[in-house]
Structures are given as C-alpha cells and as structure tokens.
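Breakdown of the fold
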Amino acid sequence: MITLGEYIIEKQHQFPDATGELTQLLGAIRLAAKVVNREINKAGLVDIIGATGVENVQGEVQQKLDLYANEKFKAALEARGEVCGVASEEEDEFVSFDSARSIDSKYVVLMDPLDGSSNIDVNVSVGTIFSIYKRISPCGTPAVLEDFLQPGYRQVAAGYVVYGSSTMLVYTTGHGVHGFTCDPSLGVFYLSHENMTIPDDGVIYSINEGNYLKFPTGVKKYLKYCQEIEPETNRPYTSRYIGSLVSDFHRNLLKGGIYIYPSTASAPKGKLRLLYECNPMAFLIEQAGGKASDGFTRIMDIEPEELHQRIPFFCGSTHMVETVEGMMREYSSNERSD
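Residues numbered from 1 in each chain as written. Predicted model: local features only at pLDDT ≥ 70, side-chain atom pairs only at ≥ 80, totals over all residues. Heavy atoms only, no water.

Concerning the packing of aromatic side chains
Rule in force here: Stacked, edge-to-face and tilted are the three classes for Phe, Tyr and Trp ring pairs, Trp counted by its six-membered ring, which pair at centre distances within 6.5 Å; planes under 30 degrees apart are stacked, over 60 edge-to-face, the rest tilted. Segments assigned H or I by DSSP are reported as helices when at least four residues long, segments assigned E as strands when at least two residues long, and all are numbered from the N terminus. Here's how the labels work: a residue is buried when its accessible area is under 20% of the maximum for its type, exposed when over 50%, partly exposed in between, all with a 1.4 Å probe on protein chains only.
According to the stated counting rule, one finds nine aromatic pairs in the structure shown. Seen from their ring centres, Y7 and F180 are 5.4 Å apart, and the 65° between their planes marks the pair as edge-to-face. Highlighted residues: Y7 in helix α1 (residues 4-10) and F180 in strand β9 (residues 177-183), separated in sequence by 173 residues. Each member of the pair, Y7 as well as F180, is classed as buried.

This is the structure in structure tokens:
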C-alpha cells in the first residue's frame, strides 16, 4: 500500500518549482491531523468537549476543540517553516510567522481547523478544511493581507480531513482528487481512493430545511422539485443533512448529490466563509468533475474582500447545481421585476 508521504513525493514532478516545500507543507498538515484525531477520539474521556464561553470574530461561541485544533495546526505549520503565515476561521486577523526560514517561504495557508465542532458533543463526524496559496508579497518579508485575499482559482492545493468512522485525508493539487485512510494501529495514512470523481447527477440533497421560510424563492422551488415524484429523473431525491460541511461534502462526493447553504432572511450574505470553506471545497469538487457556485457565479472566480467574508454556497454534482442555478436566475429576476 502507498502512504500519503510516498504518494506526495511520487507526484512532486507535477510541481517542478516546488523543490520539496509543498511536500513538507502537506506533511505538516498530516501530522496536525493525526494529533487532532487523537484528541477527538478521547472526547468524553477528557475535558475537551463543550463551549469555551468565548465568541470568535463571527460572533460564534468557540468550542474547546476549535481552539485546540487551531493551535495544533498553527504549531505544525510554523514548525516546518514552509509557510509565511496562516489565516484561520478562529483568528480575528491573519497570523504571520516571522522566523528567518518562514519569511523566506512562498506559501500561505487558510483553514477551518475544526468544521462542525459542535457535533463532537454528540459523537457525529467533524472535519478540518485547508487551502494553500503562493504568496503575493516578496519572499523574505512578512506576510501581508493581500497574500490571503486571493480568488480560489489561484489555489495551489486544498483538502480536508474527515474524522468519522474512519479518518480520511482528501486533497487536490490540481491533478485530481485523492483520498487517504488512516490505519489507527500504525497512525499512517494509506491511499484508498485515487482519482475520486463525483457523478454528474445524484439523488441526495443536503440543506437545513428548518430554515425553509427564510430561503430565496429559487431555493424553495428547487426543494419542491427535489421532492416531486418523477421516476424518469429518479425523483423524489433523498434528503441527507449532517450539519458538518466536511461530512456532507464527503458523502456527496462519493455518492453524488448537492450541498446547499443559501442566503437567508437573517443571513442575506450567506453563512459559510469564502476563504476557509467555500474556495477549498470548490477546488476539490471541480477537480472531481462537479461544480460550485454562489447560485449565480463560479465560487473560485469571486474576488475576496475580507478575511471572514461569507457567501451562499451550492456545491456538488454538475447537473444538480446547474438546475438550481437556473431556478435562482429565473426567480431572482422575477423578484427584481416585481
């Protein structure tokens, strides 16, 4: 079996100018993921579940494991010296690494250290999401905000770790999507899913239907479409929603489906973060043959304006995303004309 480290080294020829830095960087993410996975597996046995009582910059109450994961990933990335800074969903501002080796490095990392962390309390799958860019500022100088405010199409690599019945690390460097499953007896990630692809169509839709009354008309119409009986198109579709983006995305990637987190009356700009969640997932889904949109525009073409920018998110099988985009355009234009 091929390990994650062996596979990354084997594919180094795809990045002739990387000279090993990207390999080391992915190795740091792998190490931090194993440390976080160990603590998640002890949740309930040690005092690491529950809220801290502190709110992050988005006004969300941080979980103890949010902060733990954030610190472990930062420490692993700084120790290797292959990134000049990180931006995290759990940090108000980006963090610059100022050691001599770090400021000479060419990469920055954006991350959601523990997506769906409130699910830890009830033993439901959670995950880590990461996104890697080449810096814009000159090497040898501290990282600047512009290094992080880059559109998704400039990503060098992206991926996620899903901590579930088994722990998997899935990543892309723009040459397909590859999954590695951790052997818990050895603590080693082995290649288990090479060149993962998502079906063009699916029968699963993932959305928090409890917010139905707050959804745009186009989304409401699409949900009714999903629930109609039409055997020729395999409808009605099946509703599956875990509440952890990584878990819902991973299931739909393997089985085919669509994940939707639209704008609502109470969150008109959407809820998911463009830089920490939507861009990396969009890179992955496109590399797997799917599509990601805000309902009107390709996610990876959106120019970021701030670190914690929120947007609506439609992601999954191409035909399903295109169908809901059509309804968004149709009913959005109707609402404007009214």
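Re the packing of helix α6 (residues 245-255) against helix α7 (residues 274-287)
Basically, it comes down to this: For helices, the fitted axis covers only the stretch in contact; all axes are lines through C-alpha atoms, and the angles between them, taken along N-to-C directions, range from 0 to 180 degrees. These descriptions rest on fixed angle ranges, namely under 35 degrees for roughly parallel, over 145 for roughly antiparallel, 65 to 115 for roughly perpendicular, and the rest for oblique. Note: crossing handedness is left-handed where the near helix turns anticlockwise from the far helix by less than a right angle, and right-handed where it turns clockwise. Whether two residues touch is decided by their heavy atoms; if any such pair falls within 4.5 Å, the residues are in contact. Under the convention adopted here, Pro, Cys and the residues Ala, Val, Leu, Ile, Met, Phe, Trp and Tyr are nonpolar, Asp, Glu, Lys and Arg are charged, and Gly plus all remaining residues are polar.
At a minimum axis distance of 12 Å, the contact between α6 and α7 shows a crossing angle of 10°. Considering the angle they form, α6 stands roughly parallel to α7. Seen from above, α6 lies across α7 with right-handed handedness. For the pair α6 and α7, contact is made by L245, V246, F249 and L253 and by E277, M281, L284 and I285, respectively. In the contact of α6 with α7, the residues fall into seven nonpolar, no polar and one charged.

Describing the nonpolar core
Generally speaking, a soluble globular protein has its nonpolar side chains buried in company with each other. Note the cut-off: Side-chain atoms within 4.5 Å are what join buried Ala, Val, Leu, Ile, Met, Phe, Trp, Tyr and Cys residues into a set we call a nonpolar core.
In this structure, L77, I132, Y163 and Y171 are the most contacted members of the largest nonpolar core, which totals 40 residues. Per-element tally for this core: the top contributor is helix α2 (residues 21-40), with nine residues. Ignoring anything within four residues of it in the chain, the contact list for I132 reads L22, L25, L26, I29, Y107, V108, V109, Q155, V156 and A157. Counting 31 residues, the second-largest nonpolar core is a separate cluster that includes I129, I302, I311 and F313.

Overview of the environment of I9
Locating I9 in the fold gives a position in helix α1. On the basis of relative accessible area, I9 is assigned to the exposed category, the value being 52%.

Describing the pairing of strand β17 (residues 313-316)
The condition is simple: When DSSP finds two or more bridges between two strands, those strands count as paired.
By the alternation rule, side chains of β17 split into F313 and C315 and F314 and G316, which are all buried. As judged from the four bridges shared by strand β13 (residues 258-261) and β17, these two strands associate in the antiparallel manner. Pairing of Y259 across the sheet is with C315, part of β17. Where strand β15 (residues 291-293) lies against β17, three bridges are found, and the strand directions are antiparallel. From the neighbouring strand, S293 faces β17, where its bridge partner is F314.

Considerations on the sheet that holds strand β10 (residues 188-193)
The eight strands are arranged β4-β3-β5-β6-β7-β8-β9-β10 in an open sheet whose pairing can be described as mixed. Each end of this open sheet is capped by a strand with a single partner; those strands are β4 (95-96) and β10. Pairing geometry for strand β3 (residues 83-88) and strand β5 (residues 107-115), over five bridges, is parallel. Residue pairing for β5: V83 is matched across the bridge by Y107. Lying on the sheet, α2 is in contact with β3, β5, β6 (126-134), β7 (155-163), β8 (167-172) and β10; it crosses β6 at an angle near 165°. Seen against the sheet, α7 touches β3, β5, β6, β7, β8 and β9 and runs at an angle of roughly 100° to β7.

Here's the deal with α6
Burial analysis of α6 places nine of its eleven residues in the buried class, which makes it a mostly covered element. Two residues or fewer past α6, G256 is found with a positive phi of approximately 90°.

A look at the environment of L67
As for its placement among the helices and strands, L67 is situated in helix α3 (residues 64-80). The class for L67 is partly exposed, based on a relative accessible area of 31%. Distance from L67 to E39, taken between C-alpha atoms, is 12 Å for residues 28 residues apart in sequence.

Thoughts on α3
Here is the rule we go by: Helix span, as expected, comes to 1.5 Å for every residue beyond the first.
Counted at 1.5 Å a residue, the expected span for α3 with its 17 residues is 24 Å, and the 25 Å between its end C-alpha atoms agrees. If you check which residues of α3 are buried, you get L65, D66, Y68, A69, N70, F73, K74, A76 and L77. Just downstream of α3 lies G81, where phi reads positive at about 70°.

Description of the sheet that holds β15
Taken in spatial order, the five strands line up as β12-β11-β13-β17-β15 in an open sheet, and their pairing is mixed. Edge strands, defined here as strands with exactly one partner in the open sheet, are β12 (238-239) and β15. Across the sheet, α6 lies against β11 (204-206), β13 and β17, angled at about 165° from β11, the strand it touches most.

Notes on the state of the cysteines
Keep this limit in mind: Counting rule for disulfides: a pair of cysteine sulfur atoms within 2.5 Å.
Summed over the entire model, instances satisfying the criterion amount to zero disulfides. Considering cysteine sulfurs only, C139 is the nearest to C84, which forms no disulfide, with 7.4 Å between them. Exposure remark for C84: the relative accessible area of 0% places this residue in the buried category. As a non-bridged cysteine, C315 has C278 as the owner of its nearest cysteine sulfur, 8.5 Å distant. With a relative accessible area of 2%, C315 lands in the buried category.

Any functional reading would require information beyond the geometric quantities listed.
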